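Results of the structural survey
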Amino acid sequence: MKPTPNRPLPLLQRPAAMKLIAPLVCGIFFLVAWQALCVAWKIPVFLVPKPSDILATLWTDGPSLLHALGVTLRITFLAFATAVVVGVLAAFLFVQSKVIEASLFPYAILLQVTPVVAIAPLIIIWCKNPTVALVICATLVALFPIISNTVLGLRSVNPGLLNLFRLNGATRWQTLVRLRIPSALPYFFGGLRISSGLALIGAVVAEFVAGTGGTGAGLAYEILQAGFQLNIPRLFAALVLISLTGILLFVCMAWLSRRSLGHWHESEMA
Amino acid sequence: MLMKTRPPEADPSPVESGTPVSGGLVPDADTVLFANKVEKTYDNGTHALDELSLRIQKGDFVSLLGPSGCGKSTLLKMFAGLESPSHGHLRWQGADAPAKSGLRTAMVFQEATLMPWADIETNVRLPLDLAHVSRAEAQQRVARALEQVGLARFAKSYPRELSGGMQMRVSIARALATEPDVLLMDEPFGALDEFTRHKLDADLRALWAQGGPRGALTVVFVTHSIYEAVFLSSRVVMMAARPGRLVCDMAIPEPDRGESFRVSNAFSDYCRDLSLRLHAASGGEGEGAHF
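Cut-offs and rules
Residues numbered from 1 in each chain as written. Chains lettered and ligands numbered in written order. Predicted model: local features only at pLDDT ≥ 70, side-chain atom pairs only at ≥ 80, totals over all residues. Domains from an automatic or database assignment. Contact = placed C-beta atoms within 7 Å. Helix = DSSP H or I, 4+ residues; strand = E, 2+ residues; numbered from the N terminus. Pairing = 2+ DSSP bridges. Axes fitted to C-alpha atoms, helices over the stretch in contact; angles between N-to-C directions. Buried ≥ 20, exposed ≤ 12 C-beta atoms within 10 Å, placed from the backbone. Parallel < 35°, antiparallel > 145°, perpendicular 65-115°, else oblique. Left-handed = near helix turned anticlockwise from the far one by under 90°. Core = buried A, V, L, I, M, F, W, Y, C linked by C-beta atoms within 7 Å. Nonpolar A, V, L, I, M, F, W, Y, C, P; charged D, E, K, R; others polar.

Residues and elements named next belong to chain B. For chain B, the assigned domains are domain 1 (59–84 + 95–104 + 180–280) and domain 2 (114–179). Computed over C-alpha atoms, the centres of domain 1 and domain 2 are 23 Å apart. Each side of the interface is counted separately: domain 1 has 13 residues, and domain 2 has seven residues. Take the side of domain 1 that touches domain 2: its biggest share by element is three residues, from helix α6 (residues 194–210).

On to the sheet that holds strand β2 (residues 47–57) of chain B, then. Residue and element names in this part refer to chain B. With respect to topology, three strands assemble into an open sheet ordered β2-β1-β4, the strand pairing being antiparallel. Every interior strand has two partners, whereas the edge strands, β2 and β4 (87–92), have only one. If you compare each strand with its neighbour and ignore which way they point, the axes differ by 15° on average.

Moving on, we get to the sheet that holds strand β7 (residues 218–223) of chain B. All names here are of chain B. The sheet built from six strands is open, its strands ordered β5-β6-β7-β3-β8-β9 with mixed pairing. Strand pairing shows two members of the sheet lacking a second neighbour, β5 (105–108) and β9 (245–251), which therefore form its edges. Put simply, the sheet's adjacent strands are angled 15° from each other on average, direction ignored. Summarising the sheet, strand β8 (residues 235–240) and β9 pair through six bridges and their orientation is antiparallel. Residue pairing for β9: M238 is matched across the bridge by C248. Its contacts with the sheet place helix α5 (residues 164–176) against β5 and β6 (182–186), and it is angled at close to 170° to β5.

With respect to the helices, strands and loops of the structure, C70 of chain B is situated in the loop between β3 (61–65) and α1 (72–80). The spatial distance from the C-alpha of C70 of chain B to the C-alpha of L246 of chain B is 9.0 Å, given a sequence separation of 176 residues.

One non-glycine residue with positive phi stands out, namely L230 of chain A, at about 55°. Accessibility expressed as a C-beta count within 10 Å gives 11 for L230 of chain A, which makes it exposed. The backbone of H132 of chain B shows a phi angle near 60°, a positive value even though the residue is not glycine. As for its placement among the helices and strands, H132 of chain B is situated in the loop between α3 (120–130) and α4 (135–148). The exposed category is assigned to H132 of chain B, around which 8 C-beta atoms lie within 10 Å.

Moving on to the packing of helix α8 (residues 172–210) of chain A against helix α10 (residues 232–261) of chain A. Residues and elements named next belong to chain A. Running from N to C, α8 and α10 point in directions that differ by 165°, and their axes come no closer than 10 Å. For the element pair α8 / α10, the angle class is roughly antiparallel. Viewed along their axes, α8 and α10 form a crossing whose handedness is right-handed. Of the residues in α10, those in contact with L185, P186, F189, L192, R193, S196, G197, L200 and V204 of α8 are I242, T245, G246, L249, F250, M253, A254, S257, S260 and L261.

It is worth spelling out the pairing of β6 of chain B at this point. Residues and elements named next belong to chain B. Here β6 lies mainly inside the structure; five of its five residues are buried. With four bridges joining them, β5 and β6 adopt parallel strand pairing. Across the sheet, residue T105 finds its bridge partner in β6, namely V182. Sheet topology places β6 next to β7; five bridges connect them, and they run parallel.

Right, let's talk about α3 of chain B for a bit. The complete set of buried residues in α3 of chain B reads I120, N123, V124, R125, L126, P127 and L128 of chain B. Contacts from the buried residues of α3 of chain B go to α4 and α5 of chain B.

Moving on, we come to the nonpolar core. A173 and V220 of chain B are the most contacted members of the largest nonpolar core, which has 83 residues in total. No other element matches α5 of chain B, which puts seven residues into this core. V220 of chain B has contacts with L33, I56, V62, L64, L76, F79, V182, L184 and M185 of chain B, leaving out every residue within four places of it along the chain. Core analysis: the next-biggest nonpolar cluster, separate from the first, contains 59 residues, A83, I146, V151 and A184 of chain A among them.

Contact residues are listed per partner, giving 14 residues for chain B and 13 residues for chain A. Partitioning the side of chain B that touches chain A into residue classes produces 11 nonpolar, one polar and two charged.

See the structure below:
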């Protein structure tokens, strides 16, 4: 069933169209069912709002919610950037020697397994600047995938190529720049995808813990407030915004990965 | 070149005359690679090589032929400087390290070992970039090497766009770009299909006959195919396993290596002769007697 120029496939059977249309149809079906059930069973809006209620709230409360989103995004980006820089530097440090890795890696794991909710109050108490406190919390959440993936990548070098570099008298630096870093890129981008989502989650969780404590009201703060006031449509609207942001971040990372690896790596080839 | 000729019909003697297999082997002015009573035992106890002596002269095309485990790859890696012997010593044009000898060696591995993220040109230029050869000269040498292996049109392609045989050609071009005196090849065509292999064998033989820009090219070629060894080499050094040792050192003086050589009587005589010697050396045991 190969597409031929004479007889093109029906629109729905084309892979690109299917990737877009299938989930859209599925989503619309779900929303319609939700709306219908809410109407049929007369579910009160403070329990489960109809999709139309959420949409209306998104429209009316849009400006204030977008402002809150901006605050959360700022924390997310700062944390993500910090995680990438710190994570990559840590990875380079770890692959320099087995001793360094053996002494530090357990602590990287410790960071990963400690729930940020548990240490966020401490960090918030210790840091005077609330933004810095939130960025630190979100960074802690986003850091580990970058470190572990980059370390894995820097070690996953074709041994034949390593021999070739050795035979040609390559210096440590040449081997790093021309061999280890390019070999590590696919793994690094895998780490980026995971971390970008985690940075957002970290930012939201940290805002939750910080609560109304004087921070510049982010989306998590809006969700808390809406919850207290039983303004459930606004709560859902904020949730929708967070989810959309997460998806957008993922798409950006996927695009970046495709751009950088598309010409050679199996994972990004059509 | 090789003066020693030997009719393939003659009785197989255990050791080829002229170059004794052990002891009394002395390097001379034309010796590029020399192994003196070299032994190799790996940490896990594997006895890969046992007191092996070998002299490789400038311009030789030597095949190291033998079954798996005979230490032929180990010997090649020693000549490349990737491994060192447990006992005995090696000499590169009289020097005790390849770097001190002024001898340029290049190695071609069993796999093409290309960088998948770099185009063909960049892959071939790698050794020159690592050695800080000027960009202009490097480009010239890369173009020449790609021309030699017939891949000039593919300079901007990526390795995955090329077939296995073409990738191997790139690997050979990368070695040629360094303008080597000695080309060390570790079963380079082992993973290719028979037809591609025949073509690459013929092309390699032609490249060797042409010589490099620095004079006669010496090739040390590891293979487990008797046919490939006979077709390619001016000298076949056959080895046996457990422990790795020399069985015979046979000159193949035929000058003409066209496809007609493959179907000639002389070719089959050489092959039969080598098979008999290998059989005799393994004590009449069949392949796989140890399993």
